[in-house]
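# Structural characterization, general
Read off the chains here:
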Number of protein chains: 2
Amino acid sequence: MEFKLLRLNLTEWKAREEKIPESLLRKYIGGRGLGAYLALKEIPPGIDPFSPENKIYILTGPVVGTGAFETGRYHVVGKSPLTGILGDANSGGQFGPWLRFAGYDGIVVEGASDEPVWVSIVDGEVQFHLAKHLWGKGVVYTENIIRKEMNTPSEHIGSILSIGPAGENLSKIAAIMNDKYRAAGRTGLAAVLGAKKLKAIFVKGSRKIEIVDKEKFKEESKKIIDKITKHSISEALSKFGTAVLVNIINSHGGLPTKNWTRGTFEKAFEISGEYLAEKYLISNKGCWGCVIRCSRVAKVDSGPYRTPVSEGPEYESIWAMGANTTIGNMEALIKLNYLANDLGFDTISLGNTVAVLMELYEKAKNGSLPEEKAKELEELLGDIEPSWGNADAFAQLVWRMAYRHGIGDYAAEGAKRLAEYFGSPDSAIHVRGLELPAYDPRAINSMALSYATSNRGGCHLRAYAVSFDVLGVPDKFDPLVVDNKKVELVKYQQDYFSVIDSLVICKFNSFATDHTDYVGVLNAVTGWDMTADELLTAGERIYNLERLFAVREGHGYKDTLPKRLLEEPLPDGPAKGRTAKEALEKYLPYYYEIRGWEDGKPKPETLKRLGLEEFLYIL
Amino acid sequence: MEFKLLRLNLTEWKAREEKIPESLLRKYIGGRGLGAYLALKEIPPGIDPFSPENKIYILTGPVVGTGAFETGRYHVVGKSPLTGILGDANSGGQFGPWLRFAGYDGIVVEGASDEPVWVSIVDGEVQFHLAKHLWGKGVVYTENIIRKEMNTPSEHIGSILSIGPAGENLSKIAAIMNDKYRAAGRTGLAAVLGAKKLKAIFVKGSRKIEIVDKEKFKEESKKIIDKITKHSISEALSKFGTAVLVNIINSHGGLPTKNWTRGTFEKAFEISGEYLAEKYLISNKGCWGCVIRCSRVAKVDSGPYRTPVSEGPEYESIWAMGANTTIGNMEALIKLNYLANDLGFDTISLGNTVAVLMELYEKAKNGSLPEEKAKELEELLGDIEPSWGNADAFAQLVWRMAYRHGIGDYAAEGAKRLAEYFGSPDSAIHVRGLELPAYDPRAINSMALSYATSNRGGCHLRAYAVSFDVLGVPDKFDPLVVDNKKVELVKYQQDYFSVIDSLVICKFNSFATDHTDYVGVLNAVTGWDMTADELLTAGERIYNLERLFAVREGHGYKDTLPKRLLEEPLPDGPAKGRTAKEALEKYLPYYYEIRGWEDGKPKPETLKRLGLEEFLYIL
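Residues numbered from 1 in each chain as written. Chains lettered and ligands numbered in written order. Predicted model: local features only at pLDDT ≥ 70, side-chain atom pairs only at ≥ 80, totals over all residues. Heavy atoms only, no water.

## Describing the sheet that holds strand 11 (residues 182-184) of chain B
Residue and element names in this part refer to chain B. Across the sheet, six strands lie side by side as 8-7-12-9-10-11; this open sheet has mixed pairing. Single-partner strands in this sheet number two, and they are strand 8 (125-130) and strand 11. The mean inter-strand angle of the sheet, taken between neighbouring strand axes irrespective of direction, is 20°. Pairing analysis gives two bridges linking strand 9 (residues 159-162) to strand 10 (residues 176-178), with the strands arranged antiparallel. When the sheet's bridge partners are listed, Ser162 is paired in strand 10 with Met177. Here helix 4 (residues 139-149) sits on the sheet and contacts strand 7 (117-122), strand 9, strand 10 and strand 12 (198-204); the angle it forms with strand 9, its principal contact strand, is near 135°. (Pairing = 2+ DSSP bridges. Helix = DSSP H or I, 4+ residues; strand = E, 2+ residues; numbered from the N terminus. Axes fitted to C-alpha atoms, helices over the stretch in contact; angles between N-to-C directions. Contact = heavy atoms within 4.5 Å.)

See the structure below:
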């Protein structure tokens, strides 16, 4: 199969094409895997993530845009300014398929422009455009203007990826946005585009994606679609969106509340997917080629939280900006979500960071911050009063963060740096600098291992242990019982999800399918003869490769959790009295054993087994 | 006397000194007069106000910093991006005196820097500093950082002038700020500094201001201070600040309400100086060397409008952002005032512009905007709902305006351009592009002439006819009766106020004194032998000179009022049923007669009489 990269040299405003050898694709598939490989080869060790030497890989995978189920995504990879190790993020919407239709399977953004620039790619033709008039502007406005300039008003034709003011102003928690409301949010890669002064990319075209064996493709696709559409989780996602999880996770005592000091939120129902669907939903909406359509088109008609028709908040956004800051008002959350999207923030990191600020503010008031720091905080806050649950203060903060005004300049650095600066490092709940998502590992203990060993830092999408600890997929386990079978599942998911992100497809496949399902589609598209085991091994290879990036950067390979989760027992809910310490300590040795790792690093024989000999020098 | 200018060449980061000949000072005094003369000589006709060829003159006058009463101000002059004609603005605080103490009587900002820069002037020594870390930051933070870098923590020593994000982002209604809360607000000159990338100027030093005849100076100063301190208006200003006017002007039916569609506001008392003093005042505060101390140090402890200790809103700010938008909440106004100062907006223009937006929003909803424009407005508003009296929407808008996000990009252009863009030009209440201040000329008819003939556009500080139409200074007139005696007073004030702004002293002198009082102080300081008549003639000369700038620019010399004030009768209050048409039509011919003008332009013989022969070429 052919896989064409477009290298955009922003320093010189030049573009060139490059073909990826098929042998490389068979090893790393595409998307996340290919990105990790290229990043490790091309990004020099130790560089400042904001230097022109950093690169951003915007990649599709072999099945994107084929019409097989849930193949409407793209993956972004680069050195993260938030974590200092390999960063990556994934997004749906329309951008991935339209990038392929425009003639390229991936884009590598290199160098840095002196002036703000945006790039159009239409049927293989690349143009650089001055973006001075778009710099400082929100994502929604930016897309509207680019669509006018490209004379492409219909949002069903072509697609735009862009950064908001947060990325421009190098906020380390800035999200790359596409299709207005979709985010490749995690690890702050939008700020790298901001440093390169790349505001947006428009893609459109009519290239057909080659499918080698069309008959087999149809047949294999159908098998998958049958499994997925019949699954009860797919149905719940369609009806209530991802926020269907609010009540479920809350009932397990694992909904982190008030900056991870509690596991249940008394207003959970008022910020649930059910409540959202009942009160504010206009319709659901899907990514390209998806029939689940889990996205929420919503609006708030009037009042302080008026929000125009737009894609509404996901579970993670609702949790991070809601329960975690104790904002229990769905209208406020819809508006905050809109603002975060438009200004270009990762909502998970944003909510965690604001929760840290609320905690710092409380500590300053009760005298438990260093006096000088409390004074500086007060001075920087100015007219902002970030008390718990204060949605107005949150809304005001977002602007200060996007444009780095007053306290916003500090908050834009993310939870870890904010907490450290004000002398309260343990207030930031993160792994490797990346703020944790919406599952408390004290209540859902497999997540302790999942978070601690996640290569990009605190993440629920490397291994979604919630699926077996809570949702019963593939089998139901007790989330409070330590069980080495779950370690095997975490490792399996990490490898399988590496495959998913490299193909690049949606993880909502994973409730109904496993790695044996998609290999047929992949072979039909590419003409390969890969076995399911080989595919899963590719996932394991990718997971090891990512780990090598952190090892190379000299940090980030200590697998642990924030002190609060290890030492402070949950005060409420079904997991009352629990910490994540026991589970993590018991899980890690077995995990390293089955991974073939030692002290968080792959052993040489593991690299050899996986065909990663060329990276042995890193160990 | 010696009068030293410092010319800052921002293109080359170079400074040079220049002495102003004494003969020029005798003609134009200093401050506003000298600025107008230099601007007319040095700024090429027809240039874009944002081009490096524009210049900003930051000038003191001969008596500034001498210790004579109310001599703590400075004046700024340049070509205005808002009006396209000569712009100027005046501010108190500490900056004027400290500029002189630092070794210079004025600064001329020339050229444009590639990179953000700030300048320190300490005892004659000038340094240029990179201001990248201050760009995008608020005024309060900027001053705090510069004071740290200059190791000058006490706010009683040295002074800082700066621009906020509004000026950086070329908002045409941006204010030059100093001493955190003081604004040289009108005509958008901060945006010119923004275009030149000059973020701030720090001044400090120990130069003594030369006073030729110290005995005479003491004696003449004492006469003035006695008059002023005994005056009842001085007392009211000290106790209630300028907002003591809210109830007074409202009771005359001249408090423009709901974008100038009414003359009284039902919540006037709740936004009055009396209410502010009772509920939120911490202390009053004066400019350098002033004992009236009309400034209001205030705070709001908690809640949505929390505001830290800061200088509170003036009458104009309270009116423009309050009555004119129908926001009747003092806490909200304190916060909005704080935000406007910190982001660097002229509150008069800001309030008028937001009132226009509220009117546009209402018109869009009731179908009286062009359909396409209504649609565009809705799209640009996003999550903002600028309904009448909506303080939260206002607070959210300020950020969008400062950083030119969404609708803010349009509102940052000021009332006139905003209203024109959305197809409703008559919604903007301005003269020559400058938004009108807080007195409705339909209720206070001398203001009709004052506004229409104001050289910088709609302004109450060229002739403050309110003093005789309402306050009884020098005599009380009926504000609804047309009387040519008032035309003479308007002309007198315009000339006298030109003197005040050129000396550069505070206009609160003018209630208790006239031009005959200050000539003694001026002569004592300079050693001149000027007569009071000569001084007033200098004022007249300056007024004509400013008019010549507008004539040269080919527009701006039509003396009229907005259609709403000429054609729509006030619906309420003591002036119910009145327009400003009759007064303006009757006043203008007599005004031109006593000015020696024709069709808004000085006659050649007038220029000759005033010693302005060198500018005859402009006519």
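The structure having been displayed, the exposition proceeds.
## Concerning the packing of helix 12 (residues 330-343) of chain B against helix 15 (residues 391-402) of chain B
Residues and elements named next belong to chain B. At a closest axis distance of 10 Å, the pairing of helix 12 and helix 15 adopts a crossing angle of 0°. Here helix 15 runs roughly parallel to helix 12, going by the angle between their axes. For the pair helix 12 and helix 15, the contacting residues are Ala332, Leu336, Leu339 and Leu343 in the first and Ala391, Phe394, Ala395, Val398, Trp399 and Ala402 in the second. A per-class count over the contact of helix 12 with helix 15 returns ten nonpolar, no polar and no charged. (Parallel < 35°, antiparallel > 145°, perpendicular 65-115°, else oblique. Nonpolar A, V, L, I, M, F, W, Y, C, P; charged D, E, K, R; others polar.)

## Description of the relation of the copies chain B and chain A
Superposing chain B onto chain A requires a rotation of 180° together with a translation of 0.0 Å along the rotation axis, leaving an RMSD of 0.0 Å. Within this description, the copies of the chain are treated as partners about a two-fold rotation axis. Comparing interface residues between copies, 100% of those in chain B also sit at the interface in chain A, which points to an isologous, same-surface contact. (Least-squares fit on C-alpha atoms with pLDDT ≥ 70 in both.)

## Looking at the nonpolar core
In terms of nonpolar packing, the biggest core is built from 426 residues, with Ile58, Phe345 and Tyr439 of chain A together with Ile58, Phe345 and Tyr439 of chain B touching the most fellow members. Not counting residues within four places of it along the chain, the set of residues in contact with Ile58 of chain A comprises Tyr74, His75, Val76, Phe95, Leu99, Gly106, Ile107, Val109, Leu161 and Ile201 of chain A. (Core = buried A, V, L, I, M, F, W, Y, C linked by side-chain atoms within 4.5 Å. Buried < 20%, exposed > 50% of the residue type's maximum accessible area, 1.4 Å probe, protein only.)

## Considering the side chain of Arg442 of chain B
Residues and elements named next belong to chain B. Positionally, Arg442 belongs in the loop between strand 17 (434-435) and helix 18 (446-452). Within polar-contact distance, the side chain of Arg442 engages the backbone oxygen of Trp260 at 2.8 Å. Within the structure, the side chain of Arg442 is placed 2.7 Å from the backbone oxygen of Glu568, a separation counted as a polar contact. Contacts of Arg442, omitting those with residues within four sequence positions, involve Trp260, Leu480, Arg564, Leu565, Glu568, Pro569, Leu570, Ala575, Arg578, Thr579 and Ala580. (Polar contact = N/O pair within 3.5 Å; in protein donor to acceptor, adjacent residues only side chain to side chain.)

## With respect to the packing of aromatic side chains
The geometry of an aromatic ring pair is captured by the separation of the ring centres together with the interplanar angle, meaning the angle of the planes. Residues and elements named next belong to chain A. Applying the stated rule across the entire model yields 47 aromatic pairs over all chains. Taking 6.0 Å as the distance between ring centres and 80° as the angle between the ring planes, the aromatic pair formed by Tyr37 and Phe615 counts as edge-to-face. Here the residue Tyr37 occupies a position in helix 2 (residues 31-42), and Phe615 occupies one in the segment after helix 25 (604-609), the gap between them amounting to 578 residues. Exposure class is identical for Tyr37 and Phe615. Each is buried. With centroids separated by 4.8 Å and ring planes inclined at 45°, the aromatic side chains of Tyr410 and Tyr421 adopt a geometry described as tilted. Remark: Tyr421 occurs in helix 17 (residues 415-421) and Tyr410 occurs in helix 16 (residues 407-411); sequence separation between them is eleven residues. Feature note: the residues Tyr315, Tyr439, Tyr464, Phe508 and Phe511 constitute an aromatic cluster, connected by ring pairs. Of note, Arg552 hangs over the ring of Phe549, and the distance from its end group to the ring centre comes to 4.7 Å. (Phe/Tyr/Trp six-rings, centres within 6.5 Å; stacked < 30°, edge-to-face > 60°. Lys NZ or Arg CZ within 6 Å of the ring centre and 35° of its normal.)

## Focus on the interface of chain B and chain A
Counting residues at the interface gives 36 residues for chain B and 36 residues for chain A. A combined buried area of about 2,800 Å² lies between chain B and chain A, and 45% of that area is made up of carbon and sulfur atoms. Considering only the side of chain B, the residues that lose the most area to chain A are Arg306, Trp399 and His405 of chain B, jointly responsible for 25% of the buried surface there. For the interface between chain B and chain A, the tally reads six salt bridges. Ionic pairing is found between Lys335 of chain A and Asp383 of chain B, a salt bridge with its closest N-O pair at 3.1 Å. (Buried area = accessible area lost by both parts, 1.4 Å probe. Salt bridge = Lys/Arg side-chain N within 4 Å of Asp/Glu carboxyl O.)

## Some thoughts on helix 21 (residues 515-526) of chain B
Residues and elements named next belong to chain B. Between the first and last C-alpha of helix 21 there are 17 Å, a value that for twelve residues agrees with the 16 Å anticipated at 1.5 Å per step. By the criterion of burial, helix 21 is predominantly enclosed, with eleven of the twelve residues buried. Taken as a whole, helix 21 has its buried residues at His515, Asp517, Tyr518, Val519, Gly520, Val521, Leu522, Asn523, Ala524, Val525 and Thr526. Contacts made by the buried residues of helix 21 are with helix 1 (22-28), helix 7 (214-230), helix 20 (484-503) and helix 22 (532-552). Gly527 sits one or two residues past helix 21 and shows a positive phi near 80°. (Expected span 1.5 Å × (residues − 1).)

## Focus: the state of the cysteines
All names here are of chain B. This structure, assessed with the given rule, holds zero disulfides over all chains. Cys290 provides the cysteine sulfur closest to Cys294, a residue in no disulfide bond, and the two sulfurs are 6.5 Å apart. On the basis of relative accessibility, which here comes to 16%, the residue Cys294 falls in the buried class. Cysteine Cys506 is unpaired, with the sulfur of Cys290 as its nearest cysteine sulfur at 6.4 Å. (Disulfide = S-S within 2.5 Å.)

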